[in-house]
Amino acid sequence: MDKYKILFVCLGNICRSPAAQAVMERIVAERGISDKVEVDSAGISGYHRGDLPDKRMRVHAARRGLQLTHLSRPVSHSDFERFDLIIGMDDANVDDLCDMAFSLEEEAKVVQISRFFRNYKGQDCIPDPYYGGSEGFENVLDLLDDACGTIADLIQSGELYDLGK
Ligand code: 4NP
């Protein structure tokens, strides 16, 4: 079967979404389902195109054993053809992604990450940590652990295939 393809999207693709990609890739590897899942990330903005993730994000991720090596790239329309699920980190990301979709079928691939929170049900997004302090970066990683665990469960139960289709 084709791999299930997931794209994580934030604004700059240097903090939240490259961290999401690394967290998801680690969970998928730990569960032995790397052959079933492909993960990538991109940004609404191309402002940081070609850049490594923000150093603060890399430092916080490295403390949890995650190496962030993704190079920032902007979302393109071809991503709507390539990916099965496109996950925005906040409502602004989701609105911008929906604006890019050419059809309702493409728009249906776009979901907000808070849909997958189990331990942080009160949170409605992954807040942008860029202009804040270190607690914002830790918060990103905590929320991602929660959401990506749920996503992996849904892949393994087959339920993720119903999302975005
Ligand atoms: P991200 O964070 O969307 O999580 O990658 C940001 C990175 C850069 C900027 C904003 C948010 N910026 O304005 O340059």
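For every chain, the first residue of the written sequence is number 1, and numbering continues from 1 onward in sequence order. Only residues with pLDDT of at least 70 get local features here, since the model is predicted, and only at 80 or more are side-chain atom pairs given and counted; chain-wide, interface and lining totals rely on the full set of residues. Side-chain measures here rest on the full set of heavy atoms in the structure, leaving out hydrogens and waters.

## A short note on the overall build of the chain
Move 1: A tally of regular secondary structure across the chain gives six helices and four strands.
Move 2: The way it works is that DSSP assigns letters per residue, a run of H or I at least four long becomes a helix, a run of E at least two long becomes a strand, and they are numbered from the N terminus. For the chain, the sequential pattern of α-helices and β-strands runs β-α-β-α-α-β-α-α-β-α.
Move 3: Only C-alpha atoms enter the radius of gyration, while the globule expectation follows 2.2 Å times N to the 0.38, with N the number of residues. For 165 residues, the compact-globule estimate of 2.2 N^0.38 gives 15 Å, and the C-alpha radius of gyration of the chain, at 14 Å, lies within 12% of that figure.
Move 4: Each principal axis of the C-alpha distribution contributes one length, and for the chain these read about 40 × 35 × 30 Å.
Move 5: For the chain, the proportion of contacts with a sequence separation of at least 24, taken over those separated by at least 6, is 74%.
Move 6: We get accessible surface area from the Shrake-Rupley algorithm with a probe of 1.4 Å; when it comes to residues, only the shown protein chains can shield them. Summed over its atoms, the accessible surface of the chain is roughly 7,900 Å², and 48% of this surface lies on carbon and sulfur atoms.
Move 7: Asp and Glu are treated as the negative residues and Lys and Arg as the positive ones, with His and the ends of the chain left uncounted. Charge coordinates come from a single atom per side chain, which is NZ of Lys, CZ of Arg, CG of Asp or CD of Glu. With 19 positive and 29 negative side-chain charges, the chain shows a spacing of 6 Å between the two charge centroids. Here a residue-residue contact requires only that any non-hydrogen atoms of the pair lie within 4.5 Å.

## Points about the environment of G133
Move 1: Mapped onto the fold, G133 is located in the loop between β4 (110-112) and α6 (134-157).
Move 2: Given the relative accessible area of 29%, G133 is considered partly exposed.
Move 3: A C-alpha to C-alpha distance of 20 Å links G133 and Q67, two positions 66 residues apart in sequence. For every residue, the accessible area (1.4 Å probe, protein chains only) is compared with the maximum for its type, and the residue is labelled buried under 20%, exposed over 50%, or partly exposed between those bounds.

## Looking at the packing of aromatic side chains
Move 1: Two rings from Phe, Tyr or Trp (for Trp, the six-membered ring) form a pair when their centres sit within 6.5 Å of each other. Planes less than 30 degrees apart are called stacked, planes more than 60 degrees apart edge-to-face, and all others tilted. A complete count under the given rule lists one aromatic pair for this structure.
Move 2: Taking 4.9 Å as the distance between ring centres and 85° as the angle between the ring planes, the aromatic pair formed by Y130 and Y131 counts as edge-to-face.
Move 3: The class for Y131 is exposed, based on a relative accessible area of 75%.
Move 4: Lysine and arginine charges are scored as sitting over a ring when NZ or CZ, respectively, is within 6 Å of the ring centre and within 35 degrees of the ring normal. The residue whose ring lies beneath R56 is Y130, and the NZ or CZ to ring-centre distance is 5.3 Å.

## Some words on the site of the ligand
Move 1: The environment of the ligand is made up of C10, L11, G12, N13, I14, C15, R16, H48, D128, Y130 and Y131.
Move 2: G12 is positioned such that a nitrogen or oxygen atom in its backbone is 2.9 Å from an oxygen atom of the ligand.
Move 3: Under the scheme applied here, ten amino acids are nonpolar (Ala, Val, Leu, Ile, Met, Phe, Trp, Tyr, Cys and Pro), four are charged (Asp, Glu, Lys and Arg), and all others, including Gly, are polar. Considered class by class, the residues forming the shell around the ligand number six nonpolar, three polar and two charged. A molecule or strand has a residue near it when one of that residue's heavy atoms lies within 4 Å. Counted as a polar contact is a pair of N or O atoms within 3.5 Å, where, for protein atoms, one must be capable of donating a hydrogen and the other of accepting one, and residues adjacent in sequence contribute only when both atoms are in side chains.

## What about the UniProt feature "domain: Phosphotyrosine protein phosphatase I" (unreviewed entry) in the chain?
Move 1: UniProt positions are given in the numbering used here, feature names are shortened, and annotations may be inferred rather than shown by experiment. On the UniProt side, "domain: Phosphotyrosine protein phosphatase I" (unreviewed entry) is annotated at positions that read residues 4-154 here.
Move 2: Helix makes up 42% of residues 4-154 and strand makes up 14%, while its end C-alpha atoms are separated by 11 Å.

## Details of α6
Think of an α-helix as turning once every 3.6 residues; residues three or four places apart then point the same way.
Move 1: Multiplying one less than the number of residues by 1.5 Å gives the expected span of a helix. Given a rise of 1.5 Å per residue, 24 residues ought to cover 34 Å, and the 35 Å separating the end C-alpha atoms of α6 matches this to within 8%.
Move 2: A positive backbone phi angle near 85° is found at G158, which sits one or two residues after α6.

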